[in-house]
Structures are given as structure tokens and as C-alpha cells.
Amino acid sequence: MDRRHLLRTAGGLAATVALGGSALGRDFGPNAPPQRYPDPDIVIIDEKRFKAKVGNTAIQRVFTGCLWAEGPAWNAQGRYLVWSDIPNNRQLRYLDDVNRVSDRFRQPSNESNGNTFDTEGRQITCERTRVVRYEHDGTATVLAERANDKQLNGPNDAVVHPVDKSIWFTDPGYGANSLYEGQRANTGSVQPFQKEAVYRIDAQTGQVTKVADEPLKPNGLAFSADYKKLYVCDTGITHYPNAKNIIWQYDLDGGKLSNPRTFADTTMDGKSGFADGLRVDVDGNVWAGVGWVGEGYDGVHVFAPDGARIGLIRLPEICANVCFGGAKRNRLFMAASQSLYAVYVETRGAHFC
């Protein structure tokens, strides 16, 4: 038995256990003792399908001190990760080469939420009232402020299609529902200015087109590994009591979406939180930040391409969003409430950001 197989097997034996364990009592502080391998909070649910656990690595807390961490995005050329701290109205940047965090990368940030990068390495950010792109000369270009002849509710997350360069974003409106994360619209509706929806910005014309509105509060979104599908998290339960805690799946054809359906239900052991943000690996598995239940549940849930839950990374905080980064795109970064966590995995992110 070679070393790699031994490590994988040890990780599986140690982690294929009841899901009721806890990461809450774990010390992630600077003076914490080393974590014994394999990390017990990386849980293998389906040993045959979850192959990404590394037996000799551990979850690390990279930074803490945020109020609500969101929107991690990896810049490969610059070797850094950027993410948002919405209530503190700032963006932070983790510098991989020196293992250091710049905690005022952009401040104020117009209470920015989700971030991504385009194929030219330019940062795209969902601010409280608009979607912007930071140009190479440092200026900001507004890409979207209105749709359907109305003000956007509050853009949340964005992804870029590498073929036609189009930008896809969600508009659930949390920045207009709350003073804590923005400014209340006071329109008397949980839909601040219009029906919540998913939009596409055409790279050539700049036209903003609604492509889906089935999710009650469309949140994180990601393309499948082959760009034939789009996944969208629905966090409608925050404002719609009858909402279902699901991840939607759409068929993608050019600039259009079709066949909306449930990809995965986030219920586990009779308890159901909701998925906030997600990314896809090269094997087509979906890694989603899921929370609002408690210990043993909150963290990152990993779903196979057929929607079955196959793995779990337990965190001591609610995880909002994730992304793959590092030199090999095999380091999973997790924006979780007050902190940024990271762990190496035996797979790679399917996309450049």
C-alpha cells in the first residue's frame, strides 16, 4: 500500500462516522496545539465518491475579525484572495506569498458582497446598489445599476463565462433589506424594488437581461465544470416562510437558461439550513457554504453531480461562500461569519476564479 493510498484510507476510516461531532470546541487560535491527522472535521459521507480528503492536512483559520465575511475570489496572476466584510464596509486581501492579510484593501467598499475576476484579471464586485468592474488603471466601471427599467434590489454574487465573457449575477436585495448590511429601502416589501432574479450582462453590448426568477432569493451561483449548467442557491427562507432550502440547477445554452429544477435539498439528519454560496470542482462536485443550523452541520457541504451529499467540512461558524485558490487551485477558501478558513483538498476548482 503506497503512502498516498494509506493517507486516503486513514482519512476515510477516521471521518466516516456519525455527523453529530463538533468543531465548536476546537481551538483555531495562534497558540492552538497542532491538529492531529487526519482532520476529524473533514467528514467523508460517501467513501466511494468523495475522494478529495487529504489525510495529512488540516483546516486552518487564516484570519478573524470580520462581522460578516462574504464573496471570496482568487486572483491567480496576483496570487491573492479578495473577500468582503459587508457590515464593516471593506474588502480584505490575503497575500499568498507572504501569508498575510491586508484588512483595508478597499474601504469604503459601498458595502460590497460577492466578488469574481474576469479573464483579463479585472475584479468584478457586487456592491450594495450596483455591479462594478475595477479596471487596470484603478478606476471603477459601473456594469449594472438597473434592470427592467427599475433599480436593482442589491446585487449579491457574480460569475464570468470565459467563452463569451458575459457576467452573470444574482439580485436578492439583502443590501436593501437591512441597515446592518446596507440601507433599508422602506418600500413596504421584502422585494425592495422588483422581483428578485438572476441576470446576465452581455460583454459586447452591456445589456442587462433577466435570465431566471424562480429562486425566491437567488444568492450564490456557479457554472458546472463543462459550462452546460448553472447552479443557484436559494436563500428565500430569510424572508419567505414557505421557501424551500434548495440549490437550483438550470440548463445553459448560450445566454439562456431553461429547465429549472432542484439540484440538491440541504436537509441533513432532519435539519435544514440553507446554501449561501458555492463552487464546482473539476470532477463536477458542488462545494456549498451551508449553515444556520449549528454544530455538526454548519460549514461546507459537498454534493456529487447527481445532487447526493458525499462530504462535509465542519466549521465553528456559519459559512457563507467558498472558492478554490492557491497555485494549484487545490486550496479551498471558506468565508465564514467572522473568519476566513482554508484547507487543501485532493481536487481542483473547475474554473479560473
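Residues numbered from 1 in each chain as written. Predicted model: local features only at pLDDT ≥ 70, side-chain atom pairs only at ≥ 80, totals over all residues. Heavy atoms only, no water.

Asker: What is the right way to look at the side chain of S109 in this model?
Answerer: By the element assignment, S109 lies in the loop between β6 (100-106) and β7 (115-117). Setting aside residues no more than four positions away along its own chain, S109 makes contact with N89, R90, Q91 and E127. (Helix = DSSP H or I, 4+ residues; strand = E, 2+ residues; numbered from the N terminus. Contact = heavy atoms within 4.5 Å.)

Asker: Would you take a moment to explain unusual backbone geometry for this structure?
Answerer: Most peptide bonds take the trans configuration, and most residues that are not glycine carry a negative phi. With an omega of -5°, the peptide bond between Y37 and P38 qualifies as cis. Secondary-structure assignment places P38 in the loop between α1 (3-15) and β1 (42-44). Positive phi, close to 55°, is recorded for N110, a residue that is not glycine. Within the secondary structure layout, N110 lies in the loop between β6 and β7. One non-glycine residue, D149, adopts positive backbone phi at about 60°. Its relative accessible area of 73% is what places D149 among the exposed residues. (Buried < 20%, exposed > 50% of the residue type's maximum accessible area, 1.4 Å probe, protein only.)

Asker: Which parts of the structure should I look at to understand the sheet that holds strand β2 (residues 60-64)?
Answerer: Sheets are built from strands paired through backbone hydrogen bonds, the pairs being either parallel or antiparallel. The four strands are arranged β2-β29-β28-β27 in an open sheet whose pairing can be described as antiparallel. Single-partner strands in this sheet number two, and they are β2 and β27 (321-325). Strand-to-strand twist of the sheet, defined as the mean angle between neighbouring strand axes without regard to direction, takes the value 25°. (Pairing = 2+ DSSP bridges. Axes fitted to C-alpha atoms, helices over the stretch in contact; angles between N-to-C directions.)

Asker: What am I meant to see in the pairing of strand β19 (residues 246-253) here?
Answerer: Residues in a regular strand point their side chains to alternate faces of the sheet. Buried residues dominate β19, accounting for six of its eight residues. Where strand β18 (residues 229-234) and β19 come together, five bridges link them in antiparallel fashion. Paired with L230 across the two strands is Y250, which belongs to β19. Examined bridge by bridge, β19 and strand β20 (residues 256-265) share seven bridges and lie antiparallel to one another. When the sheet's bridge partners are listed, I247 is paired in β20 with A264. Hairpin connection, β19 to β20: the antiparallel pair is bridged by two residues, and G254 has positive phi, about 65°.

Asker: What exactly am I supposed to notice about the pattern of salt bridges here?
Answerer: Where charged atoms of side chains with opposite charge meet at close range, the side chains can pair. Considering all chains together, one arrives at 21 salt bridges under this definition. In this structure, R130 and E127 form a salt bridge, with 2.7 Å as the shortest nitrogen-oxygen distance. We classify R130 as partly exposed; its relative accessible area is 25%. A salt bridge links E196 to K195; the shortest N-O distance between them is 3.9 Å. In this structure E196 comes out as buried when scored by relative accessible area, which is 0%. What emerges from the salt-bridge pattern is a single network uniting D118, E120, R122, R133 and E135. (Salt bridge = Lys/Arg side-chain N within 4 Å of Asp/Glu carboxyl O.)

Asker: It is not clear to me how the pairing of β18 should be interpreted in this structure. Could you clarify?
Answerer: Of all six residues that make up β18, five are buried, and the element is covered over most of its length. Two elements, strand β17 (residues 218-223) and β18, share four bridges in a ladder whose sense is antiparallel. Paired with P218 across the two strands is D234, which belongs to β18. Taking the residues that link successive antiparallel strands as the turn, the β17-β18 hairpin has five residues, and the phi of Y227 there is positive, at about 60°.

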